[in-house]
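Architecture at a glance
Next come the chains, spelled out residue by residue.
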Amino acid sequence: MEFDKMTALELGRMIKNKEVGVVEVTKNALENIEKRDAVYNAFVTVCFEEALKQAEKVQKGIDDGTFTSPLAGVPMAVKDNMCTKGILTTAASKMLTGFKPTYTATAVKKLENAGAVMLGKLNMDEFAMGSTTETSYNGATLNPWGENRVPGGSSGGSAVAVASDMAYYTLGSDTGGSIRQPCAFCGTTGIKPTYGTVSRYGLIAYASSLDQIGPVGKSVEDVAEVLSVISGHDAKDSTSVNNSLKIILNNNIKGKKIGIPRDYFGKGLDGEVKDAVLAAAAKLQALGAEVEEFDMPSLEYAIPAYYIIACAEASSNLSRYDGVKYGYASPSFEDLTDLYYKSRSEGFGAEVKRRILIGTFVLSSGYYDAYYKKALQAKAVIKQAFDKAFEKYDVILSPTAPTTALKMGENLNDPLKMYLGDIYTVSVNLAGLPAMVVPCGFDKEGLPIGLQLIGKAFGENELLNVGYAYQQNTDYHTKKPVLKTGKEA
Amino acid sequence: MKITDEMIDYIGALSRLKLQDEEKESAKEEMEKIINYMDILGKLDTEGVEAMSHAFPVKNVFREDVVMPSTDREIITANAPKSKDGSFVVPKTIG
């Protein structure tokens, strides 16, 4: 039987009804990874032994009533920037060579406690810095929807593992669009929760004021269930809020007010993407939502503000990598300072170095006010613009990215061009808001297009309802790419 | 703005990053492009706008000051490139 095409909740029901065993589905998933990942490179580490051991344990727990979650026994995978006790965690960087954390990230732990079976760790841009998953020390991940196309990033592995039916759901992280843009490029469903909804304990920090963990899945129902499990206050992350979500989906969106910011549909947006996103808006209108356009002029300041703030925080966060406490250390050095210099210069990749340098620059004396402080003021202006929009609207609808999946290498040597591709996603992180992506069509080359829906702070349930209503009435999220295998079974 | 050799050396020193000559040239060029792009922010009127660190009000969070178990030093230092007796080993720092 082909389990792999099922959604997480469908498989969870079969496991619960004893129609299939956890070990059987885990073995099946590991076999699929062996065959498919030779082509797609979505995994950095595959936990063959650990997953089977965990599957046996979970099956016992389901049988004796310990695990009752609808996700119990469902195989999943985790982005490589979340700590997993005893399992290699590298953030796709040479800098974290050989690093085996001594503890597990809270979000992962919560899923473990709900009976999740972790298949492995997923590829990403190094330290989550990138929009293509090409900056990974482990090599690029491929998008299953097209020849030689990037999966987006930084959570490219998280999106591809789901799109190629290697994992039933995955965890990603989103600092400026790193869950949403790969979801758009790979035809998967994902949500970046409101800042503080999911504990960041154990998430390798990029930009702490913007980072959030969130789920990637095959349907809104799946991601809603995963989010319900991973949300809630954690004493180990003082920015996490006391908001354990118990999402109950409702597809009645009659009278919901959806705003479309005109400025998001201007210059630079691909025509096919625009048409698909506006068609999705028309669909929601047909389902009873009240849809109208409005002006949100602060868009052009989002990218500079985001990159200044994110790089500034990154330059500080990444100062912990010194070749002393963990990870890579240069084999030859003269003294302590030289050990720092050499380990960092040899351990970090080009994009990470670039962001550390930019961050150090905008924080340096003489430039702090003109860049860093100004960016924090721009952030306030952007937040105010969203506050004003949400006085009138329940949800804001927009494209996720200006184009569909790019060709490999297209933006790798032009960082500014890559940054500009984040135009529709970064302001959401600056304002701390929740935003989700659902597949809403394909371009003429067959590449997926993603619809972005932005919600009010802590309005995840209302936001997910809109995505749910959309998926109940469309079938884009059920489409599958034709998969290749590197090795016959 | 022009990113000079002196600037890139200074930022590199602050960042503890040593760039090879070739790397340095491309870093200068890319940074200059990126920083100049960021100058768009200058157009935004932020007179009287307070700088916002966090999107939501964040205040200090305190917990009770009680002794809790922590991870054993040996387990932590097992990840270190070099360790001895539960401590990190670094090159000699005092002459």
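Going by the structure above, here's the rest.
Described below are features of the structure shown in this document. Along each chain, residues carry numbers from 1 onward, in the same order as the chain's sequence is written. Labels are handed out in written order, letters beginning with A for the chains and numbers beginning with 1 for the ligands. Only residues with pLDDT of at least 70 are given local features in this predicted model, and only at 80 or more are side-chain atom pairs given and counted; all residues enter the totals for whole chains, interfaces and linings.

**With respect to the overall build of chain A**
From N to C terminus, chain A includes 15 helices and 11 strands. The size measure is the radius of gyration over C-alpha atoms, and the globule rule it meets is 2.2 Å times the number of residues to the 0.38 power. The C-alpha radius of gyration of chain A comes to 21 Å, within 12% of the 23 Å expected for a compact globule of 489 residues. Seen along its three principal axes, the alpha-carbon backbone of chain A occupies a region of about 65 × 55 × 45 Å. Exposure in this text rests on C-beta crowding, where 20 or more other C-beta atoms within 10 Å of a residue's own make it buried, 12 or fewer make it exposed, and counts in between make it partly exposed. The C-beta atoms are placed from the backbone. Looking at chain A as a whole, 63% of its 489 residues are labelled buried. Once local pairs closer than 6 in sequence are excluded, the contacts in chain A between residues at least 24 apart make up 76%. Helix and strand assignments follow DSSP, with helices taken as H or I runs no shorter than four residues and strands as E runs no shorter than two, numbered in order from the N terminus. Any two residues are considered in contact once their C-beta atoms, placed from the backbone, lie within 7 Å.

**Description of the interface of chain A and chain B**
Interface size, as often reported, equals the accessible area lost upon joining of the parts. Each side of the interface is counted separately: chain A has 54 residues, and chain B has 39 residues. Elements supplying a minimum of two residues to the side of chain A that touches chain B: helix 9 (302-317), helix 10 (336-347), helix 11 (350-363), helix 12 (368-392) and helix 13 (415-420) of chain A. With 11 residues, helix 12 of chain A is the single largest residue contributor to the side of chain A that touches chain B.

**Notes on the nonpolar core**
All names here are of chain A. In terms of nonpolar packing, the biggest core is built from 176 residues, with M76, L119, A167, A305 and I308 touching the most fellow members. Tallying contributions element by element places helix 9 first for this core, with 11 residues. Sequence-distant contacts of M76, defined by excluding residues within four places in its chain, comprise L111, A116, V117, M118, L119, A167, Y168, Y169 and T170. A set of buried Ala, Val, Leu, Ile, Met, Phe, Trp, Tyr and Cys residues, joined to one another through C-beta atoms within 7 Å, is what we call a nonpolar core.

**Some details on the sheet that holds strand 2 (residues 75-79) of chain A**
Residue and element names in this part refer to chain A. Strand order across the open sheet formed by 11 strands is 1-3-2-4-6-5-10-11-9-7-8, with mixed pairing between neighbours. Two strands close off the open sheet at either side, each with one partner strand: strand 1 (43-46) and strand 8 (290-294). If you compare each strand with its neighbour and ignore which way they point, the axes differ by 30° on average. One ladder, built from five bridges, connects strand 9 (residues 395-399) with strand 11 (residues 448-455); its direction is antiparallel. Across the sheet, residue S398 finds its bridge partner in strand 11, namely Q452. Here, axes are lines fitted to C-alpha atoms. For helices the fit covers the stretch in contact, and angles between N-to-C directions go from 0 to 180 degrees. Of the strands in this sheet, strand 7 (257-261), strand 8, strand 9, strand 10 (435-442) and strand 11 touch helix 8 (residues 271-286), which is tilted by about 110° from strand 10. The pairing criterion for strands is at least two bridges between them, as found by DSSP.

**Things to note about the environment of E445 of chain A**
Along the chain, E445 of chain A falls in the loop between strand 10 and strand 11. Residues E445 of chain A and F67 of chain A lie 378 residues apart in sequence; the distance between their C-alpha atoms is 44 Å.

**Some thoughts on helix 3 (residues 48-63) of chain A**
Multiplying one less than the number of residues by 1.5 Å gives the expected span of a helix. Taking 1.5 Å of rise per residue, the 16 residues of helix 3 of chain A would be expected to cover 22 Å, and the 23 Å separating its terminal C-alpha atoms lies within 8% of that figure. The positive-phi residue at the C-terminal boundary of helix 3 of chain A is G65 of chain A, with phi of around 85°.

**A closer look at helix 4 (residues 106-113) of chain A**
Residues and elements named next belong to chain A. Taken across its eight residues, helix 4 has six buried, putting it largely inside the fold. Every buried residue belonging to helix 4 is among T106, A107, V108, K109, K110 and L111, and all of these are buried. Residues of helix 4 that are buried in the fold lie against strand 2, strand 4 (169-174), strand 6 (212-217) and helix 7 (220-230). Looking one or two residues beyond helix 4, the residue adopting positive phi is G115, at roughly 95°.

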